[in-house]
Every structure is written in structure tokens, then in C-alpha cells.
Amino acid sequence: MDLLNQFNGLLNTYTYSSLITIIAFIVIGYMGAPLIIWSVAGLAALVGFSAPTNIILIYLAAAVLFNIKPLRAQIVSRFVLKLMNKMGLLPKISETERVALDAGVVWVEKDLFSGKPDFKKLMQESYPNLTPEEKAFMDGPLNNLCEMTDDWQVWKQRELPEKVWNFIKKEKFFGMIIPKEYGGLGFSALAHSHVISVLASRCAPLTITVMVPNSLGPAELLIHYGTDEQKDYYLPRLATGEEIPCFGLTEPQAGSDAGSIKADGVLFKGADGKLYMRMNWNKRWITLASISTVMGIAFRLRDPENLLGKGEDVGITCALIPTNTQGVIVGQRHDPMGVPFYNCPTQGKDVVVPADYIIGGVKNAGHGWQMLMESLAAGRGISLPAQITGGVQLCARVASAHAVNRQQFGVSIGKFEGIEQPLARIAGWAYMLEALRKYTIGALDKGIKPPVITAMTKYNSTEIGRKAVNDTMDIMAGAGISRGPRNLIYQAYSTVPIGITVEGANILTRTLIIFGQGALRAHPFAYQEVIAAEKNDVKAFDVAFWGHIGHVVRNLTRAVCLSLTRGRITFSPFGGSTAKYYRRLSWMSATFAIMSDIAMASLGGALKQKEKITGRFADVLSWMYISTAILRRFIADGSKKEDLPFVHYSMNYALFEIQKAFDGIFRNLKVPGLSWLFNGPLSWWSNFNAVAGEDNDSHSKKIAQLIMTDSEQRDRISACTIYMPTDIHKEQLARVDHAFKLVKKSEAIDKKMRTAIRAGQLEKLKGAKLIEAAFSKGVITSDEKNLISEAQKWRDDAIQVDDFSQEEFLGHKPTTDSPQIHNSKQSSVKIAQ
């Protein structure tokens, strides 16, 4: 018995010691302790378990080896470097990819990639506001431009009126990004974005016409890279529209793979001893080309005589070519989805220009790709996200008004759950897109150009925009497909595919840029490992590789612990009902970080070709970033309690997107020898322990109700960056919004009449007969009768659609400058003709 007691005591001692040791190692791993702490902890464990002396000595020798960095580098890291190169575990980076990787900077994506994001810091990132000067422009010239532009007439006439062109030039809309010292407006990225968002809610052709000269093009490139002479000549003329710019990048064989352009220029010395270029190109989908006066061209410069001393293949170069130069061919147009903006092909046939036409002069020969990538690093985060944000806010405004104004079975269709669900999605997307727009703009206005972040912003904004327009069309039904001045949605439905394709087609943006570049740029060690390996720099590789090992250990520990506790053990910088989201994002970040490392280690250089896998990783990174933007907006807006339904809905939506992406990763990631673990147990655990599920019906009901409530909150969600006209007799948006407000005001009166019907006081009548009966029997007052009658009149008018005579339909009958509303039913509200 004594022997048994001694054995049990010894067993308990070892059990407790083992448990304490395991806990200690978990804590060390979770905190990301340095190697010396691990070494001391390991030694303490060996001594504590009375390990043999020879084992302890071997351990000490290994500890010394790994903690003395020069020794470790020469003995261990050199061997590891050779092995990894031999096995092809490190990706090969082309010069084109390297330039793209080096363009711009890394921003908050580094935190999200780290596995341990500092949300207190992320919530303090800049959230800008317009200056008084910029606000005055929005209230003046921007509002006036929207007012003078009749979207329906632009689509019918297939061009902007001359008065609109003149106003654009006069008020320097083409010079928003051009500094004031060159005659431009010198706007912030926020003001630039705001203008595009508002215009997008008014007229797509107008938006694109203003947007493109302020995006990637001659002005942007000149500001950052042009010579003083080029800036002094072109920028003032571009600001006032005296020069109309375009930029030729895309070719039949070079779309998203812009590095493969065939356009070329051959350098030669003229009889006057000066350097010239003989250029040939065939470009397509070039906005404004057919009416441009100066064309930026990206081409591959060749120098057969090595006049520049850079070899024969100098590389991609950007130059400015006046379109009246002999050999420049413009004038033809494409027809993109029927949207009437200038989108055109252009060719150059033996165009001879001075080498000084290179942007920045001959010293910038061969630097064109770098210039383009750095410019896109900013541009992707402004124009298209702003256009989509304005479009989705318009969708939220119109769909919510229609859901109230349109009745079926005696009630507003917004009361049907089938309408509530898509309406909630639109409202939720409007909230998150504005959050995404302003959070990204905050970085750009500080001079930060994060290419991975702007790629995420462009990709996700345009994808959400496509979904929002489809949901709006479903709610509008027949009113959404009947074109005419009463239809406010058809132009968005026609335009949204264009945003999907430009500035990098979305499919490749998702698979190649967001994670393809993000995995190297945002990872704290991966890019340094690749560079060190290419240079065979053992010392640099040692630092990066062992830092990477510590990174893996920490994130593996954190991922397991946070998964088991659903993030509850991690710190949230804020309390209240949003605290859980910071904890869950920390959990997702740790899981993302370790799974990224596993994917990179198991697939090595082949990861670039596994686009289904990289696309899912891109989705996780994207939605972590969007979640961060949502939480930042909530704080910036004053943490209003009434906004919590939008926060809860948006965060659940984002986390569910992350969950779906992880489910796909676990099911499909092939890890040599361990695929069964990821495809089986871990995949099952991911489903069982999901970070979020589909949207909660109570959440969607709540925000659908809120967006159908006439309130300041509805204005903030659906009208903060759109054009809101006020003429209820001429403007359809003003009309439907006016009807919506009257219907909401009269809801209590309608409820009184329905109650009277159920009580038997009134017969089951409808429309004007019911109102008259209710008044005659004293159910409603005279003022109430007038209000609900007015509401019914405007409600009836708001749901009308356009129709046309055969001549008008075929375009044979001239139209007036003012919108002509054609109704199958005579409107009860007069429209200005």
C-alpha cells in the first residue's frame, strides 16, 4: 500500500509538473517571447523533470548555437537557405512583379497579417473631413453641375451637352488633383472622392468624364514625375480643360497583364543631333481618346544604338504625345454597355516625337512601370470606390422609398420579409462602403499609398456595387427595367460591369494582387526572406527566417487558444457591444496568419498558380480590413447607439464572409502528409466553431425598418454623398422622396382607418372612397384627410413608369432639354415640360 501511495504521489507530481510546463509554454508561445526565453524555459523543464546530464548538455549546446546569431547563421541558416532554394520553396519574382511589390507602402494590412493586430492604433487612423473651401465647392459648382445635367437626355443624345462641358472646364473639374500653383483646385483625396460619389448618383457618363482625367493619366504622372517645363506647360492647360487628356495603357494582348504591352518606341539620333523616338501602338478602351488633345502612352522603349547607355531594351516608358502629331490615329469609339462616354481605340503609325516627350525627360526612360504602379497604388482607392459608394447610397435611397410608396395587397411592400432581406443588404452595404471609402481615403490624404489596401477597396467596392444594384432591381421590379427619366437605377445597372473590368480586372485583382502581393508585402518576414535568398545574403536570411519561425510559433499558439475560447481571452481596446468584434477579428487574424504561412510553406513558389486558394485568402484579408473600417466609422460617427443595428449587421456580414473563405481553405488546401487534417478534422471544427453565421433575421428586419424611417439616420446612410435635388415637380428623386415623407407622415392616419374597418365603423373601401368615408364618419379630421389625400396622390405618382410613342421609341422625334415624363396613366402631379 505504501508503494502504491508513493507511485500515485510521484504520478501526481509529474502530472502537475507537466501541466504547469505545458501552460508555461503556451503562455510563452501566445506572447511571442524571444528565443532566449524559450531556451531558459526549456532548460528549466529538463532540470525540473530530472533529465539525464548528457541530454541537458546536448540541449545547452543547441541553445548556445541558436542564440548566438553569427554562429547560427553560418552553421544552420546557410544550410536552410540552400535547402529551400533546392526545394523551390521560395517564389521567383520577375522584375515586373518586383516593381509592383515595391510600389507604394504597407499600411494597416501589416497589422492584420501579423496575427496580433493593434486595434487601438488602427482605430486612431485618420478619418478626414472636408475643408470649408471644399465644402463651398460641393455646395456651389458641384451642386450646379448636377442640376444642369439631365441624365436621361445624356443617354438619349449619347453625349454631354456643350453647356455641361463648358461648365466642367470653367470650374476646373478636370483639375481637382492639380496643385493650386499650377491653376488647379488642389483638392484633398477626400474632396476628390466626394465629387465623384455625388456625380455618380446623378449621371454615369458625366462621372466617368470627370473621373478619368483626375485618375491615372497625364496630370497624375506629371505632378509626381514630370519635368518643371512639362508641368509649367501642361498642368495649367489640363486644369482648365484647354487640353483634354487620355492615357493609353491597355492593348489587345495586354489587359490586366499590362507588363506585356507591345507598343514600342525606337530611340534614334536625328540629323540635328537630338534624340527622337519612332513610336507605334495599338491601344483600346482608352477613355476620352477620340476627343483628347494630349495622350499619355505606355510603351516599351528600345535603344538599338545604346544612346542612353541602358542597353537595347530600356523598358516600359511613359510619354506625352499631342494627338495632332502626324501618325496619331483617334476618332473611333467603343460602345461599353451602351453607356455614352468616350471610350475609344487609338493607333500610332510611325509617330516621331522628341525623346524629351518622355514624362520626366530621358532620365525616366524605362521607369514607366514603376510610375504606373505607384500611381495606381493611390488611384484605385479613390475613383471607383467613390463611384460605387454614391451609386449604392442612391440604391438605398430609391429602394427604401419605393418599398414604402409601392403597395401590394393593401400594404407597403417594405413590410414583406421578402423585400426586407434585400433592402437590409443594400442598407448594410451603403453603411460599410462609406466606412471603407473614408478609412482608405484617410491614408491617401496622409500621403500613404498602400497598393494592397487600394486593390482591396476597388475590388470589394465594385463587387458589392454589382450585388446592390441587382437587389435594387429585384425590389423595383418592373419599375427598374422600364427606361426613362423616372427610372433612377437603370444607368447604375448598365454601368456597374465597367467598374468590374477597369484598373485591373476583379478576378485577377483578387487572386494576384490582394493576396499574391499582400502575402509578400504585408507579411513581416516573407519578402525579406525572398530578397535575402536572391542575394545569397546569409546574415539577412538568418534574421528573417528565424523571425519567421517565431512568428509561426506565436500565431499557431494564438490561433489554437483563440479558437478554443472564441477570442474571449484576447484584449479589446473598447467595451460595449462592439468589444466582441475586436476579439473575433484578433482570432481571425491569428488564424489567417498561421494558415498563410502553412500555405506558403507547403506550396512554395507554386502558390501563385493556386488562384482558388489565394482568392480565398484574399477574401479573408479583405473582410478583415472592411471590418476594421466599419468599426472605425462607428467611432468616428460618435458611437451612436442608433447606429448599432448597422454595425451588428455589417460586422456579421463581414465575419460570415471570412468564415466562408476559411471553410473553402480548409476543404481545399493540400499540405503534404497533412491534407487529411485540414480537409477533415479542422474543416469540421471550422464549421462547428464558426466565427459567424448568416445574417440574423432580427438584424435585417431592424435595419430595413430604419432605412424606411424618415430620419437623420436615413440621410446619413443613404444620402451623405449623393445629389439630392429639391424640385419635386421636375426631379424624380425629389418626387419619390417627397412621396415617401408624406406617406410616413400619414401612416398613423392610415392605421386609424384600418382600426375603424376592423371595428366595423368603416366598410372595406380603398383609396379616395375610404378617405372620404373616414372623414364623413369622424374617424379622421379635415387636416388628416388633406394630408393622407396628398400622400396618396404623390404615392400614386411615384410608382408610375415611362412610355413612349413609336417615333419617340425609335428616336425619330426630337426631345426637349427638360425631362418629359411619359406615363401609361395620367399623372396627378404636373411635371414641367
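About the criteria used
- Residues numbered from 1 in each chain as written.
- Predicted model: local features only at pLDDT ≥ 70, side-chain atom pairs only at ≥ 80, totals over all residues.
- Heavy atoms only, no water.
- Buried < 20%, exposed > 50% of the residue type's maximum accessible area, 1.4 Å probe, protein only.
- Helix = DSSP H or I, 4+ residues; strand = E, 2+ residues; numbered from the N terminus.
- Pairing = 2+ DSSP bridges.
- Patch = residues over 30% accessible without salt bridge, like charges linked within 9 Å, V, L, I, M, F, W, Y side chains within 5 Å.
- Areas by Shrake-Rupley, 256 points an atom, 1.4 Å probe, with all protein chains shown as cover.
- Salt bridge = Lys/Arg side-chain N within 4 Å of Asp/Glu carboxyl O.
- Lys, Arg positive; Asp, Glu negative; His and termini not counted.
- Charge placed at Lys NZ, Arg CZ, Asp CG, Glu CD.
- Contact = heavy atoms within 4.5 Å.
- Axes fitted to C-alpha atoms, helices over the stretch in contact; angles between N-to-C directions.
- Parallel < 35°, antiparallel > 145°, perpendicular 65-115°, else oblique.
- Polar contact = N/O pair within 3.5 Å; in protein donor to acceptor, adjacent residues only side chain to side chain.
- Core = buried A, V, L, I, M, F, W, Y, C linked by side-chain atoms within 4.5 Å.
- pLDDT = per-residue confidence, 0-100.
- Phe/Tyr/Trp six-rings, centres within 6.5 Å; stacked < 30°, edge-to-face > 60°.
- Lys NZ or Arg CZ within 6 Å of the ring centre and 35° of its normal.

Caption draft 1: Region of interest: the pairing of strand E4 (residues 294–302). For E4, the buried fraction is high: seven of the nine residues fall into the buried class. When strand E1 (residues 245–248) meets E4, the two strands line up parallel, connected through four bridges. Across the sheet, residue Gly248 finds its bridge partner in E4, namely Ile297. Two elements, strand E2 (residues 264–269) and E4, share three bridges in a ladder whose sense is parallel. Within the sheet, the bridge partner assigned to Asp264 lies in E4 and is Arg300. Bridge count for E4 against strand E5 (residues 313–322) is nine bridges, and the pairing is antiparallel. Each bridged residue has a counterpart across the sheet, and for Met295 the counterpart in E5 is Ile321.

Caption draft 2: Here's a closer look at a negative patch on the surface. There is a patch of like negative charges on the surface, built from Asp228, Glu229, Asp232 and Asp356. In this fold, Asp228 is placed in helix H14 (residues 228–240).

Caption draft 3: Region of the structure containing the environment of Pro340. You can see Pro340 is positioned in the loop between strand E6 (328–329) and strand E7 (343–354). When its relative accessible area of 5% is taken as the criterion, Pro340 is described as buried. Each C-alpha atom of the pair Pro340 and Ile749 lies 46 Å from the other, and the pair is 409 residues apart in sequence. Residue contacts for Pro340: discarding those within four places in its chain leaves Val154, Trp155, Arg158, Glu159, Pro205 and Arg333.

Caption draft 4: Region of interest: the packing of helix H33 (residues 767–776) against helix H34 (residues 782–798). Packing of H33 against H34 leaves a shortest axis separation of 10 Å and a crossing angle of 175°. As summarised for this structure, H33 and H34 are arranged roughly antiparallel, according to the angle between their axes. Residues Ile771, Glu772 and Phe775 of H33 pack against Ser782, Lys785, Ile788, Ser789 and Gln792 of H34.

Caption draft 5: Representation of the side chain of Glu171 in the model. Its place among the elements puts Glu171 in the loop between helix H10 (162–170) and helix H11 (189–200). For Glu171, a relative accessible area of 18% translates into the label buried. Separated by 2.9 Å, the side chains of Glu171 and Lys170 make a polar contact. Here Glu171 is in contact with Phe137, Pro141 and Leu185, once residues within four sequence places are set aside.

Caption draft 6: Spotlight on unusual backbone geometry. Unusually for a residue other than glycine, Met337 sits at a positive phi of about 60°. By the secondary structure assignment, Met337 is in the loop between E6 and E7. One non-glycine residue, Asn536, lies in positive phi territory at about 55°. On the accessibility criterion, Asn536 (52% relative accessible area) is exposed.

Caption draft 7: The arrangement of the nonpolar core in detail. Core analysis: the largest hydrophobic core is formed by 134 residues, its most contacted members being Phe592, Met595, Leu621, Met624, Tyr625, Ile658 and Phe662. For this core, the leading source of residues is helix H17 (residues 417–444), giving 14 residues. Setting aside its immediate chain neighbours within four residues, Met595 contacts Phe617, Phe662, Ile665, Phe666, Leu669 and Phe678. Listed in part, the 69 residues of the second largest apolar core include Leu145, Val195, Ala319 and Ile321.

Caption draft 8: Layout of the confidence of the model for the protein. With 94% of its residues at a pLDDT of 70 or more, the protein shows a mean pLDDT of 89. Low pLDDT (under 50) marks residues 815–833, which in the prediction has 49 contacts with non-local residues, meaning those over four places away or in another chain.

Caption draft 9: View of the packing of aromatic side chains. Applying the stated rule across the entire model yields 30 aromatic pairs. Among the aromatic residues, ring-to-ring pairing joins Phe66, Phe541, Phe545 and Trp546 into one connected group. Between Lys156 and the ring centre of Phe804, over which it is positioned, the NZ or CZ distance is 5.9 Å. The lysine or arginine in question, Arg237, covers the ring of Tyr233, its NZ or CZ lying 4.0 Å from the ring centre.

Caption draft 10: The arrangement of helix H13 (residues 218–225) in detail. Taken across its eight residues, H13 has seven buried, putting it largely inside the fold. Restricting attention to buried positions, one finds in H13 the residues Pro218, Ala219, Glu220, Leu221, Leu222, Ile223 and Tyr225. The inward-facing, buried residues of H13 abut H14, E1, E4, E5 and helix H15 (368–379).

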